Amino acid sequence: MGKDKTAGETRQVIGVIVRFEDCGRDDLHRIGMKGLSLAEMTALGLNVPPGFIIPTDAGFDILKGNIDIRELLYEVRSEVSRIENTMDRWFASRNPLLLSIRSGASVMMPGMMDTILNVGMNREVIASLLDEGMSEYFVFDCYRRFTRMYGETVLGIKPYKFDAATQDMLNHAGMFSEEEFDSNHHRKLADNYREIIRKETGSSIPDNPYDQVKEAIVAVIRSWENPRAVVYRNLRRISHDLGSAVIVQGMVFGNLDDRSASGVVTTRDPIVGAKQLFGEYLLRSQGEDVLAGTRTPKKISELQGDLFPVYSELEKVAEKLEHHFQEAQEIEFTIESGKLYILQTHTAQCTAQAKIKISVDMVNEGLLSKEKAVLSIEPESLDQILHNFIDPKVQMRSIMKGLPASPGGASGAVVFDIKEAARYIKQSREAILVRAETITDDVEAMELATGILTGHGGVTSHAAVVARRMGKPCITGCESMNIDIDRGEIRVGDLTIKRGDIITIDGSSGRVFLGTVPMRKTSISTEFRVLLSWADEMRTMKVRANADTPEDAQRAIEFGAEGIGLCRTEAMFMAADRLPAMRTLILEESSEERDRMLVQLEEFQRNDFLEIFRALNGKPVTIRLLDPPLHEFLPNAEQLTKEVAVMRSQGEAGEELRRKERLLKRVLSHQEINPMLGLRGCRLGIINPGIIEMQVRAVVEAACELITEGIETRPEIMIPLVGHVREFEWIRERLDNLIGKLMEEKNVTLHYRIGVLIEIPRAALTAGALAQKADFFSFGTNDLTQTTFGFSRDDAEHKFLHYYHDQHILDENPFETIDMDGVGRLVRIATHDGRKANSSLTIGLCGEHGGEPRTIAFCHSLGMNYISCSPYRVPIARLAAAQASIRDRLAAAETSPSKNE
């Protein structure tokens, strides 16, 4: 340990702080992404303001009291002296140095935690800066900024208090924006801010700059736990145990003079992926101005006219960083009197379309391997590719226009806050969040909304960045609208749009329309197809789709499905022209009438299977026999009871009343106390074999007809809700006999398979016995999750799962990603025991988890043959399966003997 001499004392330096020069990628979890980027840029020789990092573990220790912040401050003083020597400025002295103190987590959390700039400001520093010849405008602008940031971040004063003071100043001066303020306005506003602090806290900002540093460090560490950061981590499934590092750097000033600026630039267009600089900057500003969106910035291309040498240098920096990180970068920069400083770089937040194009282009440019390109895409982001966009044939006049910040079209009711958004979502209605500009506290409302519209800000503002990450359409900088939240309305010229009115936004063009505008789906780009073709070459697990209709089947094939892993036959009975026949089959007492309905339903199913088999053209089709309880096909008993009671109370009699009474009696006879665990699935097939025999006849006759036409078919018949091997044996014996007779009648050889849908824990635990009789297993993880947890999904998700999540009883919703410890263990047991008993057993998963990337990786690790998901999730599953395979190979290479020698 070194020693630090301060104020006549010699104190031990505790050795916590990390310098940019002394860390690398292995330190990511301690120094955060921001700290790592500063370390790597410093190593590359870029002009980075000097500084140091207080790592995440030290931050936790400070909060727990394991490190005395006063002791740490001695080490901080020592490191600040290094900054002083490098920048030739002196903290808390003449020729003053000011500091920026920023957060830095190991995962991307844009704007969720706090920053304090211009730390070290006091009356003496103001005087020193003015004595140096610094302009009053610059000095008091910094003073105002620091006072507000300290008040909000350290002292916890609500932003609206300062907003009100700012608006009062604007109103009094007859001005529209802060850009019009002169030095006197900044000075007076800073004094007003200090008065707000005094009234709200009964104290003031400490004059001692190191007291400011101490409090700022603690506040930044604590911001890891602020509500918006917690909500963001919950939404993004980020661990709450990571913590944030603290980055301390010398300030450089984009607001110093007319040759100073701050800005954000991406090395490629984050919206379409073109290879060109994309971004914005503001002259005479600090970085917060661009990111906050409170002023409308200039396009980065205009920097060529304002400061051409800096623009040229920025292009070189962008190329250097892109080559180093092998990804498109988003770079924050400051220009101080014509000198370029790089403050931060990280992977650019791009639309899915742009990210895919960039990755494919980088492979073609020799910057990336195909494997790295496939790994670089977040599977979930592919959802954006399928977003709606406004039909170009529609001829409608827009009511206003802003900046196209995140592509896609969305219609919905105008809302101004999270409560309104939540209310519309509960009503299954879409909502467009409208704000003057979004702040980090709005992230939850943005998550709920279908699209975002802001009055201020640019394409790199908070709203734009977060919307692109969420994959939501967004328009920023719509300056022509005047938002009055108190009155609940937007005014655009003479037009008034009220809360709840429907608008449509086009995030691709920046146009806003009144009412609902017809939409179309996005087309799939050449780069998208190329990337998925690479993924298909690399994955070992097949991807099928859940499809219940010929239309779904065709769509699944278009998205690259290699078969159907779940065809729910009950969906075929729910159509308006079929439901009456199904109800008659269930309720009719006459066996002749029931037989007639079976024939009618068989014809419906046969025609459906003909079209599905034809669309699949030889690919496997897994058909689940009737699964739900019969009451789902029947009229609502409660409604029927009310109707009968009303008819009786009104004195009605005759055939109509008697018909309804008979119907009610039959409906009530099919009611069960717990229908989801009652007479359904294989149990219904055993009690009433006529239904499943009808279904199998429809399957076999359709398959045989197509075989005679020269079209290959591969039907797989899946028995649901099996809990005991004898249930499966009972059904399989009858189905094998029936299929044999049908093949003999048709004189056709059909290659079919019969398997088990494992959705009962007992089936998983006795998988060895089942595997000896079955041709395949498929895991129905929706019901398996319900039966393992003892949850009713609908009740659990509406009544208590959110509370379980908030209280950290469950880290994840088990219906969204598979519960590895419980349900996952059953899947693992069944896969192991099934393969041990039957080495040729095919194993897949067809629940809703089948399109979730972490579940897909789990299935890959077990060596499953396929997963099945909804048609629109097929591209996601193809990519996630490829990534699982690549990571598996990379891990194997890391542990191979040759690697360790």
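See the structure printed just above.
For the structure given in this document, a descriptive report is provided here. (Residues numbered from 1 in each chain as written. Predicted model: local features only at pLDDT ≥ 70, side-chain atom pairs only at ≥ 80, totals over all residues. Heavy atoms only, no water.)

**Points about helix α15 (residues 418-426)**
Counted only if it meets this: Categorising residues by exposure relies on relative accessible area from a 1.4 Å probe, with only protein chains included: less than 20% of the type maximum marks a residue as buried, more than 50% marks it as exposed, and the intermediate range marks it as partly exposed. Secondary structure follows DSSP: runs of H or I at least 4 residues long count as helices, runs of E at least 2 residues long count as strands, and numbering of each begins at the N terminus. When we speak of the arc, we mean the arc of directions from the helix axis to the C-beta atoms. Any pair of residues with heavy atoms lying within 4.5 Å of one another is described as a contacting pair. Any pair of N or O atoms that falls within 3.5 Å is considered a polar contact. Within protein, one atom must be able to donate a hydrogen and the other to accept it, and sequence-neighbouring residues count only if both atoms are side-chain atoms.
For α15, the full list of buried residues reads Glu-420, Ala-421 and Tyr-424. Projection of α15 onto a plane perpendicular to its axis shows the buried side chains occupying an angular sector of 100°, all on one side. Structural note: α15 exposes Lys-419 and Lys-426 on the side pointing more than 90 degrees away from its buried face. Of the surrounding elements, those touching the buried residues of α15 are β18 (409-415), β19 (431-435) and α16 (443-448). The N-cap of α15, judged by a side-chain oxygen 3.1 Å from the amide nitrogen of Lys-419 a few residues on, is Asp-417. One or two residues past the end of α15 sits Ser-428, with phi positive at roughly 60°.

**Re the packing of aromatic side chains**
Condition: What counts as a ring pair is set by centres within 6.5 Å for rings of Phe, Tyr and Trp (its six-membered ring), and what kind of pair is set by the plane angle: stacked under 30 degrees, edge-to-face over 60, tilted for all other angles.
Under the defined criterion, the tally for this structure stands at nine aromatic pairs. With a centroid separation of 5.0 Å and an interplanar angle of 80°, the aromatic rings of Phe-162 and Tyr-193 are classed as edge-to-face. Taken as a pair, Phe-162 in helix α6 (residues 159-173) and Tyr-193 in helix α7 (residues 183-201) lie far apart in primary sequence, 31 residues in all. Residue Phe-162 is classed as buried on the basis of its relative accessible area, which comes to 0%.

**Re the pairing of strand β28 (residues 542-546)**
The condition that has to hold: Note on pairing: DSSP must find at least two bridges between two strands before they are called paired.
The element β28 is extensively covered by neighbouring structure, given that four of its five residues are classed as buried. Direction of pairing for β28 relative to strand β35 (residues 866-869): parallel, over a ladder of four bridges. Across the sheet, the residue bridging to Val-543 is Ile-867, located in β35.

**Some words on the pairing of strand β26 (residues 511-514)**
The pairing of strand β16 (residues 400-401) with β26 spans two bridges and is classified as antiparallel. When the sheet's bridge partners are listed, Met-400 is paired in β26 with Val-512. As consecutive antiparallel partners, strand β25 (residues 502-506) and β26 are separated by four residues, and within that stretch Gly-510 has a phi angle of approximately 85°, a positive value.

**Section: the sheet that holds strand β23 (residues 489-492)**
As a reminder, the rule being used: For helices, the fitted axis covers only the stretch in contact; all axes are lines through C-alpha atoms, and the angles between them, taken along N-to-C directions, range from 0 to 180 degrees.
The three strands are arranged β22-β23-β24 in an open sheet whose pairing can be described as antiparallel. Two strands bound the open sheet, and with one partner strand each, they are β22 (482-484) and β24 (495-498). Each strand of the sheet is rotated relative to its neighbour by a mean of 20°, with strand direction disregarded. Pairing between β23 and β24: four bridges, direction antiparallel. The residue bridging Glu-489 from the neighbouring strand is Lys-498, located in β24.

**Observations regarding the side chain of Ser-262**
Tracing the chain through its elements places Ser-262 in strand β10 (residues 261-266). A distance of 3.2 Å separates a polar atom in the side chain of Ser-262 from the backbone oxygen of Gln-286. In terms of polar contacts, Ser-262 uses its side chain to reach the backbone amide nitrogen of Gly-287, at 3.5 Å. Not counting chain neighbours up to four residues away, the residues in contact with Ser-262 comprise Gly-254, Tyr-281, Leu-282, Ser-285, Gln-286, Gly-287, Val-290, Phe-333 and Thr-334.

**What to know about the pattern of salt bridges**
This is how the line gets drawn: Just to be clear on terms, a salt bridge is a Lys or Arg side-chain nitrogen sitting within 4 Å of an Asp or Glu carboxyl oxygen.
Here the structure, examined in full by the defined rule, presents 62 salt bridges. Lys-275 serves as the salt-bridge partner of Glu-365, at 3.6 Å between the closest nitrogen and oxygen. One end of the pair, Glu-365, is in the loop between α13 (352-364) and α14 (370-375); the other, Lys-275, is in the loop between β10 and β11 (278-283), and 90 residues separate them in sequence. Overall, Glu-365 belongs to the partly exposed group, its relative accessible area being 35%. Take Lys-275: its relative accessible area is 58%, and that puts it in the exposed class. Among the salt bridges present, the one from Arg-568 reaches Asp-548, with a minimum N-O distance of 3.1 Å. In this pair, Arg-568 is assigned in strand β29 (residues 564-568) and Asp-548 in the loop between β28 and α19 (550-558), connecting sequence segments 20 residues apart. On the basis of relative accessible area, Arg-568 is assigned to the partly exposed category, the value being 27%. Under the relative-accessibility criterion, Asp-548 is labelled buried at 11%. Among the ionic contacts, a cluster of salt bridges with common partners joins Asp-141, Arg-144, Arg-145, Glu-178 and Asp-289.

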